[in-house]
Amino acid sequence: MPQVVVQALPSSSTATASMVLGILGVLGGWCLFGIPCVLAVVLGHVGLYETRHGTKSGRGMAVTGLILGYVFVGPTIALTVMVFFGGVIGAATPTPTPSA
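Conventions adopted
Residues numbered from 1 in each chain as written. Predicted model: local features only at pLDDT ≥ 70, side-chain atom pairs only at ≥ 80, totals over all residues. Heavy atoms only, no water. Phe/Tyr/Trp six-rings, centres within 6.5 Å; stacked < 30°, edge-to-face > 60°. Buried < 20%, exposed > 50% of the residue type's maximum accessible area, 1.4 Å probe, protein only. Helix = DSSP H or I, 4+ residues; strand = E, 2+ residues; numbered from the N terminus. Expected span 1.5 Å × (residues − 1). Axes fitted to C-alpha atoms, helices over the stretch in contact; angles between N-to-C directions. Parallel < 35°, antiparallel > 145°, perpendicular 65-115°, else oblique. Left-handed = near helix turned anticlockwise from the far one by under 90°. Contact = heavy atoms within 4.5 Å. Nonpolar A, V, L, I, M, F, W, Y, C, P; charged D, E, K, R; others polar. Core = buried A, V, L, I, M, F, W, Y, C linked by side-chain atoms within 4.5 Å.

**Q** Just checking my understanding: could you explain the packing of aromatic side chains for this structure?
**A** When we look at a pair of aromatic rings, we describe it by the centre distance and by the angle of the planes. Here the structure, examined in full by the defined rule, presents one aromatic pair. Each ring, one from F84 and one from F85, has its centre 5.3 Å from the other, and the planes form 70 degrees; the classification is edge-to-face. Owing to a relative accessible area of 45%, F85 belongs among the partly exposed residues under this scheme.

This is the structure we're talking about:
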């Protein structure tokens, strides 16, 4: 009886990296200024391009990285900007001194 050997497609490493960075962005991206979320979005688009023609697997991981990145990149960047500008405005605003 002949044996059928099925070879699995190689996985896209950028799609895997996108998913990992998306998860990292969800867990602690606010602490890292949204950098993992931005990288998840960029690598997710590259991973989608690599898996488009079916030569590599990992399209679901790329989509997961894109979704996690896009969902959390906006609030993370907004929080970072608010904290930064709040600190700058707070430092630049003179505090009134009580007069005796």
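**Q** Please clarify how the environment of T93 should be interpreted in this entry.
**A** Position of T93 among the secondary structure elements: in the segment after α3 (59-92). Along the backbone, T93 and F72 are 21 residues apart, and their C-alpha atoms lie at a distance of 31 Å.

**Q** What am I meant to see in helix α1 (residues 13-28) here?
**A** Along an α-helix, residues three or four positions apart point the same way, because every turn accommodates 3.6 residues. Taking 1.5 Å per residue, 16 residues should reach 22 Å; α1 reaches 22 Å between its end C-alpha atoms and fits that length. Within the sequence span of α1, burial applies to T14, A15, S18, L21, G22, G25 and G28.

**Q** How should the packing of α1 against α3 be read in this particular structure?
**A** Where α1 meets α3, the axes come as close as 7 Å, and the angle between the chain directions of the two elements is 30 degrees. Regarding the angle of α1 to α3, the classification is roughly parallel. The handedness of the crossing between α1 and α3 comes out as left-handed. Contact residues: α1 offers A15, T16, S18, M19, G22, I23 and V26, while α3 offers M61, A62, T64, G65, L66, L68 and F72. Class assignment of the residues belonging to the contact of α1 with α3 gives a composition of nine nonpolar, five polar and no charged.

**Q** Help me understand the nonpolar core, please; the structure alone is not making it clear to me.
**A** Across soluble globular proteins, nonpolar side chains have a tendency to be buried as a group. A15, V41, L48, A62 and L66 together form the largest nonpolar core, which totals five residues. Not counting chain neighbours up to four residues away, the residues in contact with V41 comprise L66, G69 and Y70.

**Q** Where do I start with the side chain of S18 in this structure?
**A** Counting through the fold element by element, S18 comes out in helix α1. Using a relative accessible area of 0% as the deciding quantity, one classes S18 as buried. What S18 contacts, discounting residues up to four positions off in sequence, is A40, L43, G44, A62, G65 and L66.

**Q** Would you explain the packing of α1 against helix α2 (residues 35-50) in this entry?
**A** Relative placement of two packed helices is described by the angle separating their axes and the distance separating the axes. Interhelical geometry of α1 versus α2 gives an angle of 155 degrees and a closest axis separation of 7 Å. By the angle between their axes, α1 is roughly antiparallel relative to α2. Where α1 crosses over α2, the handedness of that crossing is left-handed. On α2, the residues touching T14, A15, A17, S18, L21, G22, L24 and G25 of α1 are P36, C37, L39, A40, L43, G44, V46, G47 and E50. Residues of the contact of α1 with α2, tallied by class, amount to ten nonpolar, six polar and one charged.

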